[in-house]
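# Remarks on the overall topology
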Amino acid sequence: MSTDILNIASNFKIAGEPASWEAIGNGHIHKTYRIKTGQNDNPGYVLQLVNTSIFPDAAKINSNINNVTRHIKSPLQMIPAKDGRYYFLQDDGLFWRMFNFIPGSRTIEKTSDPAVAFEAGKAIAAFQKGLEAFSGKLHIILPGFHSLEKREHELMSAFRLVANERKKKAEVVYRNFLRHSSYMKNYEQGLINSGIPFRITHNDTKLNNILFDEQGKAICMIDFDTVMPGYVAHDFGDALRTLANNAPEDATNINDISFNTELCSAFTKGYLSQAVSFLTKAEYRLLPEAPAFMTYLIGIRFLADYLNGDIYYHTRYQDHNLDRARTQMALLDQIFQQKEAIQQLF
Ligand code: GN1
Ligand code: MG
């Protein structure tokens, strides 16, 4: 493996020779490695093996990423392969891409620090703001990515079709989710009816998709695979789903799960510090309910994948996706309990 990774890295236009690698990041989809070269003054590179069963048209995502990162002048840029393309295709079809590694940068899985939450909010709004004037064309990589109708349909057909132990284990949480279906449909209809603009949004704003420096200041967003036209409320809500949960996304003890309104407040302040300059009144009004909506949406995606036999998300153990789904369900309850406190932040 060691030589393979370094060999792959040597197909990109990097300064010096690749000398060592380590696996980094905690994404559920791709595999990510940091490459170091022998030169001490070179912070190295980030090499990614793209999951082409989820992204069969990976070259198109790379073109999106390039357009977006250049437009916002992100400190994170793609490194071309030696043939000038922004990817390297291995003989067996594996699809690789590379970015620069930003010195001193790191991702954060969990925080209890409101200053980090503030920074996260600011970074997400700054990303949206940076793309306000983007006039290029983006490929729609995953159509209906945050569509409730599509995600509920996927869950219900998975539940209907499956007839095994997993169905039995999933049944309680499945029914608990669907109790909220009409509430969620109302919210989505509200988004559609409000006439709010489609902007270029990130669509995967969990905390570990933001890079921080050693002092806890946000550097930039990462993981641009899902950058597409969308609603800003989805970015806002998805971030709080991970950031303001006092437990991890895949907690195994439901009693650990609670919604941290202090972190939510700091995040909201950071977000609004940038976003007030571009949000419409209607967009603003739709923010407070977004954490509940996104927790539901991602929760039912985890559950559908569990029923489908873990074909989408990387899992580390048998019932991992079920634990993720149960966590989202418990978090949703907690968010509903804090509804007034959240509303008061606006
Ligand atoms: C995936 O790639 P990663 O781990 O940052 C997923 C998101 C989910 C998230 C749940 C392309 O994000 O939509 O919200 O897992 N990305 C894709 O943790 O499906
Ligand atoms: Mg990620």
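Residues numbered from 1 in each chain as written. Chains lettered and ligands numbered in written order. Predicted model: local features only at pLDDT ≥ 70, side-chain atom pairs only at ≥ 80, totals over all residues. Heavy atoms only, no water.

With that settled, consider the overall build of the chain. A count of helices and strands for the chain gives 12 helices and nine strands. Against the compact-globule benchmark of 20 Å for 346 residues, the chain has a radius of gyration of 20 Å, which places it among compact chains. Structurally, the chain occupies a C-alpha span of about 55 × 50 × 35 Å along its principal axes. Of all 346 residues assigned to the chain, the portion counted as buried reaches 55%. (Helix = DSSP H or I, 4+ residues; strand = E, 2+ residues; numbered from the N terminus. Rg over C-alpha atoms; globule rule 2.2 N^0.38 Å. Buried < 20%, exposed > 50% of the residue type's maximum accessible area, 1.4 Å probe, protein only.)

Before going further, it helps to spend a moment on the domain arrangement of the chain. Looking at the chain, the domain boundaries give domain 1 (2-100) and domain 2 (114-343). The distance between the C-alpha centroids of domain 1 and domain 2 comes to 27 Å. Between domain 1 and domain 2, a total of about 2,100 Å² is buried, with carbon and sulfur atoms accounting for 67% of that surface. Considering only the side of domain 1, the residues that lose the most area to domain 2 are His28, Asn64 and Val68, jointly responsible for 30% of the buried surface there. Inspection of the region where domain 1 meets domain 2 yields one salt bridge. When the shortest N-O distance is used, the salt bridge between aspartate 225 and arginine 97 registers 2.8 Å. In this assembly, domain 1 and domain 2 are joined by eight residue pairs in polar contact (both at pLDDT 80 or more). When residues in the side of domain 1 that touches domain 2 are grouped by element, the largest group, nine residues, is from helix H2 (residues 58-71). Taken together, the residues that form the side of domain 1 that touches domain 2 break down as nine nonpolar, 11 polar and two charged. (Domains from an automatic or database assignment. Buried area = accessible area lost by both parts, 1.4 Å probe. Salt bridge = Lys/Arg side-chain N within 4 Å of Asp/Glu carboxyl O. Polar contact = N/O pair within 3.5 Å; in protein donor to acceptor, adjacent residues only side chain to side chain. Nonpolar A, V, L, I, M, F, W, Y, C, P; charged D, E, K, R; others polar.)

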